[in-house]
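If you want the building blocks of each chain, they are given just below.
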Amino acid sequence: MFGYVLPYQADLKVWQWQAYRAYYCGLCMQLKERYGFLPRFVLNYDFVFLALLADGLSGEEPLISSSRCIANPIQRHPICQVSKGLAMAADALVLTAYYKIIDDVSDERAAKRMLSVAAQGLFHRAQEKAGRIFPELQTVLRTQTQCQANLEAKGCADPDEAADPTAQMTAALFSLAAAEPSQQAPLRHMGMLLGKILYYLDAAEDFDSDGQSGSYNVFQNAKLSREDMIAQVTLLCRMCAGEAARRYGEISIESPVHKALIENILFLGLPQSISKAGQKRTRKPTTHLSSLNGKEIL
């Protein structure tokens, strides 16, 4: 999974950050209720954005209650209860995780491949259930996972071509967020562009380790130096982000909570991820601001 579509916490009001966290925890709860304990391990920030987008477009205002969870069993904290967006994101996440595992089975080496094979077996029943809910999405994920494997097998050195399967998958995911037919086209285009960004950033982060292990990496195959790779990734991602922002302007979100969170992620959080292309990440959203003397403060 990717996890680059993050909020920029420093620019969020306290209540907005709490709402985001409530959605994150709500997605975790939906994974447990719909698929059991194991799928919670693939909880992903990217799919929180998808849930926010779906609920924002539908106008649904989900109930937020104070609850305990396995990650924090002592202290109560806000958790978003079931919504159409959260349910859809949970189903889509299970399917996406399963096909990412399939990709890892063919891509990883030795011990990691064995772990991926084991995970594939554990996720098999969950993906069958999710596939019955979204059969068209499952077909896209299956087809594009094979396309990705074919591109890697032939040693594709074109970043745009190599990113296309991921772009097609995220286009299909974003189309699920549409509340009416007129939203389909801009959402699919947004998803395609964000998918390319996710692919480029992931390849940039793995550039060094793939070079050492001999694993496929489109930028290694293109014979780029690390500096040239970062420059190319940054340029490609900024171009895609600019066009994604333009397509976002073609849809309307009325809920002030959803609108604030979506725009924070799209206009502030995503550029932060792009600015760190090639760096190893932590899992938590960025929380720093630049101080007047140029230092970063928590």
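Residues numbered from 1 in each chain as written. Predicted model: local features only at pLDDT ≥ 70, side-chain atom pairs only at ≥ 80, totals over all residues. Heavy atoms only, no water.

**Student:** How would you explain the environment of Ala51 if you had to name every residue and give the values?
**Tutor:** Along the chain, Ala51 turns up in helix α2 (residues 45-58). It is 8.2 Å that separates the C-alpha atoms of Ala51 and Leu27, two residues lying 24 residues apart in sequence. (Helix = DSSP H or I, 4+ residues; strand = E, 2+ residues; numbered from the N terminus.)

**Student:** Please provide a residue-by-residue account of the state of the cysteines, values included.
**Tutor:** Tallied over the entire structure, the rule returns zero disulfides. Not engaged in a disulfide, the cysteine Cys237 finds its nearest cysteine sulfur in Cys240; these two sulfurs lie 6.6 Å apart. A relative accessible area of 0% places Cys237 in the buried class. (Disulfide = S-S within 2.5 Å. Buried < 20%, exposed > 50% of the residue type's maximum accessible area, 1.4 Å probe, protein only.)

**Student:** Got a sec to walk through helix α7 (residues 184-205)? Specific residues and values, please.
**Tutor:** Here α7 contains 22 residues, and its C-alpha end-to-end distance of 31 Å stays within 8% of the 32 Å for a straight helix at 1.5 Å per residue. Burial runs high along α7: 17 of the 22 residues are buried. (Expected span 1.5 Å × (residues − 1).)

**Student:** Talk me through the packing of aromatic side chains; I want residue IDs and the actual numbers.
**Tutor:** Counted under the stated rule, the structure contains nine aromatic pairs. Their ring planes at 80 degrees and their centres at 5.5 Å tell us that Phe37 and Phe41 sit as a pair that is edge-to-face. We classify Phe37 as partly exposed; its relative accessible area is 43%. Measuring from ring centre to ring centre gives 5.2 Å for Tyr98 and Tyr99, while their planes differ by 90 degrees; the resulting arrangement is edge-to-face. When sorted by exposure, Tyr98 lands in the same class as Tyr99, which is buried. Each member of the aromatic cluster is reached from another via a ring pair, and the members are Trp17, Tyr20, Tyr24 and Tyr45. (Phe/Tyr/Trp six-rings, centres within 6.5 Å; stacked < 30°, edge-to-face > 60°.)

**Student:** A description of the pattern of salt bridges should follow, citing residues and the corresponding values.
**Tutor:** The tally for this structure, following the rule as stated, stands at nine salt bridges. For Lys154, the salt bridge goes to Glu161, with nearest N and O atoms at 3.1 Å. Since its relative accessible area comes to 55%, Lys154 is described here as exposed. With a relative accessible area of 31%, Glu161 lands in the partly exposed category. Glu263 is paired through a salt bridge with Lys259; the nearest N and O atoms lie 3.0 Å apart. In this pair, Glu263 and Lys259 both sit in helix α11 (residues 256-275), four residues apart, roughly one turn of the helix. Owing to a relative accessible area of 23%, Glu263 belongs among the partly exposed residues under this scheme. (Salt bridge = Lys/Arg side-chain N within 4 Å of Asp/Glu carboxyl O.)

**Student:** Let's hear about the nonpolar core: which residues, and what values?
**Tutor:** Judged by nonpolar contacts, the single largest core of 86 residues is most densely connected at Leu27, Leu53, Ile197 and Val233. Here this core takes twelve residues from helix α3 (residues 84-107), the largest share from any one element. (Core = buried A, V, L, I, M, F, W, Y, C linked by side-chain atoms within 4.5 Å.)

**Student:** Outline unusual backbone geometry, listing residues and values.
**Tutor:** With a phi close to 60 degrees, Lys223 is a non-glycine residue in the positive phi region. Checked against the element boundaries, Lys223 lands in the loop between α9 (218-221) and α10 (226-248). Judged by its relative accessible area of 72%, Lys223 falls in the exposed class.

**Student:** Quick one: what's the story with a nonpolar patch on the surface, residue by residue and with numbers?
**Tutor:** The grouping of Phe37, Leu38 and Phe41 at the surface amounts to a nonpolar patch, some 320 Å² of accessible area in total. One can find Phe41 in the loop between α1 (14-35) and α2. (Patch = residues over 30% accessible without salt bridge, like charges linked within 9 Å, V, L, I, M, F, W, Y side chains within 5 Å. Areas by Shrake-Rupley, 256 points an atom, 1.4 Å probe, with all protein chains shown as cover.)

**Student:** Please provide a residue-by-residue account of the environment of Arg76, values included.
**Tutor:** Within the secondary structure, Arg76 is located in strand β2 (residues 72-80). Separated by eleven residues in the primary sequence, Arg76 and Ser65 have C-alpha atoms spaced 9.4 Å apart. Apart from the residues lying within four places of it in its own chain, the contact partners of Arg76 are Ser66, Ser67 and Arg68. (Contact = heavy atoms within 4.5 Å.)

**Student:** Let's hear about the packing of α1 against α2: which residues, and what values?
**Tutor:** Across the interface, α1 lies against α2 with an axial gap of 10 Å and an inter-helix angle of 105 degrees. One way to sum up the angle between α1 and α2 is to call them roughly perpendicular. Note on element contacts: α2 touches α1 through Tyr45, Phe47, Val48, Ala51, Leu52 and Asp55, opposite Tyr20, Arg21, Tyr23, Tyr24 and Leu27. In terms of residue class, the contact of α1 with α2 is made up of nine nonpolar, no polar and two charged. (Axes fitted to C-alpha atoms, helices over the stretch in contact; angles between N-to-C directions. Parallel < 35°, antiparallel > 145°, perpendicular 65-115°, else oblique. Nonpolar A, V, L, I, M, F, W, Y, C, P; charged D, E, K, R; others polar.)

**Student:** Residues and numbers for α2, please.
**Tutor:** With 14 residues, α2 ought to run about 20 Å at 1.5 Å a step, and its terminal C-alpha atoms sit 20 Å apart, in line with that. Extensive coverage of α2 is indicated by the burial of 13 of its 14 residues. Backbone nitrogen of Asp46 and a side-chain oxygen of the N-cap are separated by 2.7 Å at the start of α2; the cap is Asn44. Looking one or two places after α2, you find Gly59, whose phi comes out positive at around 85 degrees. (Polar contact = N/O pair within 3.5 Å; in protein donor to acceptor, adjacent residues only side chain to side chain.)

**Student:** Got a sec to walk through the side chain of Gln138? Specific residues and values, please.
**Tutor:** For Gln138, the position within the fold is in helix α5 (residues 135-153). Residues in contact with Gln138, not counting those within four places in the same chain, are Leu95, Tyr99, Gln127 and Gly131.

**Student:** I'd love a proper account of the environment of Ser182, names of residues and values included.
**Tutor:** Along the chain, the position of Ser182 falls in the loop between α6 (159-175) and α7. Distance from Ser182 to Glu250, taken between C-alpha atoms, is 9.6 Å for residues 68 residues apart in sequence. Reaching out from Ser182, the side chain makes a polar contact with the side chain of Glu180 at a distance of 2.9 Å.

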